Amino acid sequence: MDLTSQGQKTQQQKPNGRRAVGSSQTWTRYGVLLPSQQTRKLKEWVLTDEQQQLVNASGLGHLALTTGFTIDRSLLTAFCERWNNETNTAHFVGFEMAPSLRDVSYILGIPVTGHVVTSEPIGDEAVNRMCLHYLGESPGSGEQLCGLIRLTWLCRKFHQLPENPTINDIAFSTRAYLLYLVGSTLFPDTMRGFVSPRYLPLLGDFSKIHEYAWGAAALAHLYRGLSVAVTPNATTQFLGSATLLMAWIYEYLPLTQPQQKNQNTLLPRACRWNFGGATRGQRKKVMEWRKDFEHLQLSDVNWNPYKDINPAIVPGYCVAADNICYSRTWLISFNIKEAYVPDRFARQFGREQGRLHQVPLWARRTWSKAKDWRVEYAREIEEFHQLVGCRFIPSAETNINSLPNEFIAGQSTTRCSWNASQSQNFSMMVEDLKNDLPVINRYLEGQVLPPEVASFLEKVSTMIKTYSPAQSSPREDEAAQCKNVAARAKNSRKRARKPSHLEDSSSPQDSGVNQYPGALVPYEASSRFANVLDGTAPPPNGGESFKEHEIMEPWQMSHMTTESSSSPDSSSPGSREWRLQHPDEAPTRRSNESLRRSRRHCVQLKMFKHRDGVGAEETNPIFL
């Protein structure tokens, strides 16, 4: 692929003030860079043999061997100052260098060819649904920030399996481990100690993980981190795999190598320089490394550092042909798109360095959760797939934005849905056992069984034959009742009133009416509202009583008031002042003549005859 055809403007056409292509001019930054990757907690993760097999099959198992890598921050800072963010190469006197796809394959031991590392857009509201779907648990509000998950939460929740783990427990824990692994080693970002859950859909199927170009995505992040490091007023954090860059520097620049190294030629090559945090002798300062790089010559570079590698030990998913590693292409990882121009450092592939071709300009995009980067970079992704010969069809990814809301519902909703699914599964299991009973009976026919076993089998057979799935459960009835109560509570007019002096305060407290304070129950002989209805409004239709336990809404009895109940006469035996002055004397019952038979009262009486007032008309007779 020729990237020069995609842009007419090049770095040489840019205005003065930018360094020209091929120059050795460097930009000096103030302050030492701080790597963002955090891999210490990975050593606390306890993996079973089954989990280790899943990790190895994913093609990412070698990353665990690179944890604890000692980073020389002064050397890292001095090298980053040589980086040119317009060509994605480090400029030295007379030549250029840069990490390549082949370097990533050997140093980290991960696949660099395959499907591009990207997926559907993920909003912040879908983080909980995604974690519940792929991890079985969702982080709390304090364990996530701006759509990112704390690495410490992953380690605390999944670092060790329970005593009797299920298949889901093993899958969830292993997937959390892989998310921690790629987030802390390959894709560290400005938010130290956090990882984006956008990689979870790619880690869903363990048999397909190695079919993604994780190495190409890691190289794209490394290029982006180097470009950010040389930007004026940039952060002091180094974004990208510092382990990959440090191991690459040690492989190609012998003058930077520590005094000791592991004589290990197996993959990953980063293990040769991993001493687990041990001191490696006297370290140089940034100024000393700057002087060494200013005088670096072609003869000081080891252009073939992998000549001692046995090709037989390289896994199939790590093999990348030279025609792929030496071709110009785009490196894609979600919103990150970086130019890959290996022809500018041809000596690293054992070739003669020709004329340095121009590099087109491209825009570095920032992350947007609402943008589908598969559509934005569709042409670049297709070209990369054609280059690497990616012919497989990736497995169908779960549309995390369309997952049902049960994944983020409360505990009660989750429990109810779980119980419903378990009940359905149990019913299906019983039906299968019913079909298998004749076969089991034929097999056991003529067999001599102990009395206990025969009795047990007979009981089980009887239970299976007589089992019938329940149509409803008390929990479902309770849930439906609570739903109705919640619906009533939304109406601000449905409020409880204070009990009047006409109500009997000695009624049982466990009555169903107490659930609705102030509600009016239908007429019954023992009702505490009998003193209101007795003699005033006899049951309509010749003594036909209302349906038992049917409760009227509070607003339906809000106008059933008496004239004397609101009378300002404080001398009345039923007034509040009289009851306070004579606490030992019982109030006398008021006569029925004192009730006010207003038009509003008559309309209310129609509601007794016509349930809920449905079908009531003004011409209907009124019983008084």
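Note that the coordinates shown come from a computational prediction; the quantities given were computed from them, not determined experimentally.

## Describing the sheet that holds strand E4 (residues 95-97)
Right, on to step 1. Strand order across the open sheet formed by three strands is E2-E3-E4, with antiparallel pairing between neighbours. Of all the strands in the sheet, just strand E2 (83-84) and E4 have a single pairing partner and so form its edges.

## Quick notes on the packing of aromatic side chains
Right, on to step 1. Under the defined criterion, the tally for this structure stands at 24 aromatic pairs.
Right, on to step 2. Between Phe92 and Phe293 the ring centres are 5.9 Å apart and the planes differ by 70 degrees, which places this aromatic pair in the edge-to-face class. Highlighted residues: Phe92 in strand E3 (residues 89-92) and Phe293 in helix H9 (residues 286-294), separated in sequence by 201 residues. The two residues Phe92 and Phe293 agree in class, both being buried.
Right, on to step 3. Centre to centre, the rings of Phe95 and Trp303 are 5.9 Å apart; their planes meet at 75 degrees, and the pair counts as edge-to-face. Taken as a pair, Phe95 in strand E4 and Trp303 in the loop between H9 and helix H10 (322-325) lie far apart in primary sequence, 208 residues in all. Each member of the pair, Phe95 together with Trp303, is buried.
Right, on to step 4. Chaining the aromatic ring pairs together yields one cluster made of Phe79, Phe92, Phe95, Tyr106, Trp248, Tyr252, Trp289, Phe293, Trp303 and Tyr306.

## As for the confidence of the model for the protein chain
Right, on to step 1. Summarising the model, the protein chain shows a mean pLDDT of 74, and 62% of its residues fall at 70 or more.
Right, on to step 2. The lowest-confidence element of the protein chain is helix H16 (residues 530-533), averaging 35 in pLDDT; the highest-confidence one is E4, averaging 97.
Right, on to step 3. Predicted confidence is poor over residues 4-25, with pLDDT under 50, and the contacts of this stretch with residues over four places away or in other chains come to 42 contacts.
Right, on to step 4. Predicted confidence is poor over residues 608-613, with pLDDT under 50, and the contacts of this stretch with residues over four places away or in other chains come to 17 contacts.

## Thoughts on the pattern of salt bridges
Right, on to step 1. Under the defined criterion, the tally for this structure stands at 19 salt bridges.
Right, on to step 2. One salt bridge connects Arg290 with Glu81, and the closest N-O pair in it is separated by 2.7 Å. Here the residue Arg290 occupies a position in helix H9, and Glu81 occupies one in the loop between helix H2 (73-80) and E2, the gap between them amounting to 209 residues. Each member of the pair, Arg290 as well as Glu81, carries the same accessibility label: buried.
Right, on to step 3. The shortest N-O distance in the salt bridge between Arg379 and Glu380 comes to 3.3 Å.
Right, on to step 4. For Arg379, a relative accessible area of 46% gives the class partly exposed.
Right, on to step 5. Look at the salt bridges and you will find they share partners, linking Glu251, Arg269, Arg272 and Asp308 into a network.

## Concerning empty space enclosed by the protein
Right, on to step 1. Within the structure shown, the criterion is met by three cavities of 30 Å³ or more.
Right, on to step 2. Estimated volume of the second largest cavity: approximately 40 Å³.
Right, on to step 3. In this structure, the second largest cavity is lined by Ser36, Gln38, Leu151, Gly183, Ser184, Pro188, Asp189, Met191, Arg192, Gly193 and Phe194.
Right, on to step 4. Looking at the lining of the second largest cavity, its residues break down into four nonpolar, five polar and two charged.

## Examining the nonpolar core
Right, on to step 1. Of all hydrophobic cores here, the largest spans 116 residues; its most connected members are Leu60, Leu154, Trp214 and Leu245.
Right, on to step 2. Excluding anything up to four places from it in sequence, Leu245 contacts Leu76, Phe79, Cys80, Pro99, Leu222, Leu226 and Phe238.

## Some words on the packing of helix H5 (residues 151-158) against helix H6 (residues 167-185)
Right, on to step 1. Taken N-terminus to C-terminus, the directions of H5 and H6 make an angle of 150 degrees; their axes are 10 Å apart at the nearest point. For the element pair H5 / H6, the angle class is roughly antiparallel. The two elements H5 and H6 meet at a crossing, and its hand is left-handed. When H5 is examined against H6, the residues Leu151, Leu154, Cys155 and Phe158 are found in contact with a partner set consisting of Phe172, Ser173, Ala176, Leu179, Tyr180 and Ser184.
Right, on to step 2. Classifying every residue of the contact of H5 with H6 gives eight nonpolar, two polar and no charged.

## Structural notes on the environment of Ser58
Right, on to step 1. Counting through the fold element by element, Ser58 comes out in the loop between helix H1 (49-57) and H2.
Right, on to step 2. You can call Ser58 buried: its relative accessible area is 0%.
Right, on to step 3. Placed 151 residues apart in sequence, Ser58 and Ile209 show a C-alpha to C-alpha distance of 5.0 Å.
Right, on to step 4. Leave out the neighbours within four places in its chain, and Ser58 touches Leu178, Phe206, Ile209 and His210.

## Some words on the sheet that holds strand E7 (residues 194-195)
Right, on to step 1. The sheet built from three strands is open, its strands ordered E5-E6-E7 with antiparallel pairing. Strand pairing shows two members of the sheet lacking a second neighbour, strand E5 (144-145) and E7, which therefore form its edges.
Right, on to step 2. Across two bridges, E5 lies against strand E6 (residues 148-150) in antiparallel orientation. Pairing of Leu145 across the sheet is with Leu148, part of E6.
Right, on to step 3. Along the sheet face, H5 touches E6 and E7 and points at about 55 degrees away from the line of E6.

Calculation criteria
Residues numbered from 1 in each chain as written. Predicted model: local features only at pLDDT ≥ 70, side-chain atom pairs only at ≥ 80, totals over all residues. Heavy atoms only, no water. Pairing = 2+ DSSP bridges. Helix = DSSP H or I, 4+ residues; strand = E, 2+ residues; numbered from the N terminus. Phe/Tyr/Trp six-rings, centres within 6.5 Å; stacked < 30°, edge-to-face > 60°. Buried < 20%, exposed > 50% of the residue type's maximum accessible area, 1.4 Å probe, protein only. pLDDT = per-residue confidence, 0-100. Contact = heavy atoms within 4.5 Å. Salt bridge = Lys/Arg side-chain N within 4 Å of Asp/Glu carboxyl O. 1 Å grid on protein atoms, 1.4 Å probe; cavity = no way out; pocket = protein on both sides within 12 Å on 5 of 7 lines; lining within 4 Å. Points joined across faces, edges and corners; volume = space filled by probe spheres on them. Nonpolar A, V, L, I, M, F, W, Y, C, P; charged D, E, K, R; others polar. Core = buried A, V, L, I, M, F, W, Y, C linked by side-chain atoms within 4.5 Å. Axes fitted to C-alpha atoms, helices over the stretch in contact; angles between N-to-C directions. Parallel < 35°, antiparallel > 145°, perpendicular 65-115°, else oblique. Left-handed = near helix turned anticlockwise from the far one by under 90°.

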